[in-house]
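Next come the chains, spelled out residue by residue.
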Amino acid sequence: MPAHVRKPGWLTVNVINRAVAWLTRRGISVWGSRVLAVRGRKSGQWRTTPVNLLTVDGRHYLVAPRGHVQWTHNMRAAGGGELRLGGKADVFSATEVADDDKPPLLRAYLKRWKAEVGVFFNGVGPDSSDSELRRIAPDHPVFRVEITSAGTAG
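Rules and cut-offs
- Residues numbered from 1 in each chain as written.
- Predicted model: local features only at pLDDT ≥ 70, side-chain atom pairs only at ≥ 80, totals over all residues.
- Heavy atoms only, no water.
- Helix = DSSP H or I, 4+ residues; strand = E, 2+ residues; numbered from the N terminus.
- Contact = heavy atoms within 4.5 Å.
- Areas by Shrake-Rupley, 256 points an atom, 1.4 Å probe, with all protein chains shown as cover.
- Buried < 20%, exposed > 50% of the residue type's maximum accessible area, 1.4 Å probe, protein only.
- Core = buried A, V, L, I, M, F, W, Y, C linked by side-chain atoms within 4.5 Å.
- Expected span 1.5 Å × (residues − 1).
- Bend = angle between axes of the 7 residues up to and from the residue.
- Salt bridge = Lys/Arg side-chain N within 4 Å of Asp/Glu carboxyl O.
- Pairing = 2+ DSSP bridges.

Quick notes on the overall build of the protein
Within the protein, the regular secondary structure consists of four helices and six strands. The order of helices and strands in the protein, counted from the N terminus, is α-β-β-β-α-β-β-α-α-β. When contacts within the protein are restricted to residue pairs at least 6 apart in sequence, those whose partners lie at least 24 apart make up 64%. Taken as a whole, the protein presents about 8,400 Å² of accessible surface, with 51% of it coming from carbon and sulfur.

Focus on the environment of Arg-66
Mapping Arg-66 onto the fold places it in the loop between strand S3 (59–63) and helix H2 (70–78). Arg-66 sits in the buried class, given a relative accessible area of 16%. Arg-66 sits 51 residues away from Val-117 along the chain, and the two C-alpha atoms are 8.3 Å apart.

Side note on the nonpolar core
Counting residues in each nonpolar core, the largest one holds 18 residues, and the members touching the most others are Leu-54, Tyr-61, Leu-106, Tyr-109, Phe-121 and Val-142. Contributions of two or more residues to this core are made by strand S2 (46–56), S3, helix H3 (103–117) and helix H4 (130–136). Ranked by the residues each element gives to this core, the list is headed by H3, at six residues. Setting aside residues up to four positions removed in sequence, Phe-121 forms contacts with Pro-65, Leu-106, Tyr-109, Leu-110, Ile-136 and His-140.

Things to note about H3
When the terminal C-alpha atoms of H3 are compared, their 16 Å separation across 15 residues is substantially less than the 21 Å that a helix rising 1.5 Å per residue should span. A maximum bend of about 60 degrees is found in H3 at Lys-111. What H3 keeps buried is the set Pro-103, Leu-105, Leu-106, Tyr-109, Leu-110, Trp-113 and Val-117.

Examining the pattern of salt bridges
The final tally for this structure, using the stated rule, is five salt bridges. Salt-bridge contacts for Asp-99 lead to Lys-102; the nearest nitrogen and oxygen are separated by 2.8 Å. Judged by relative accessible area, which is 32%, Asp-99 ranks as partly exposed. A salt bridge links Arg-144 to Glu-146, with the shortest nitrogen-to-oxygen separation between them at 2.5 Å. Looking at Arg-144, the relative accessible area reads 25%, which means it is partly exposed. Glu-146 gets classed as partly exposed once you look at its relative accessible area, which sits at 34%.

Side note on the pairing of S3
The pairing of S2 with S3 spans four bridges and is antiparallel. When the bridges of S3 are listed, Thr-55 appears paired with His-60. Remark: two residues form the turn of the hairpin made by S2 and S3, two consecutive strands paired antiparallel; Asp-57 in that turn has positive phi of roughly 50 degrees.

Read these as spatial facts, not as claims about activity.
Below, the structure is given as structure tokens:
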């Protein structure tokens, strides 16, 4: 079965993502936004994209609402990257979360950002059952983020 991917439309790529990234690069976090920087698995060049940083019980996570997209493949290869906000960059390592451990994280993510990303979860929302969240878990990579060097110049 091919990996689940929901490619962004023109408006998202050319307006929304650019606006959120522009604000985030200037130190304005939009609902927890950061600019994720991760090395490309083939090129070795930094690749950036705006992401929502989820915090649950004091731990940080990155959730891929659109599925197995380029940054998730790069994250698996690189094992970490940088989360940028304004002029600082937090260097981190990342560990992928097992599907069975995702339901509470997906629920928390949807509770906070459903209006923004709910369409990518095929009708599953923050009030859905654990079994429904487990059913969609394989389609949405989740990475636990461990900050290894906080607030360095980016």
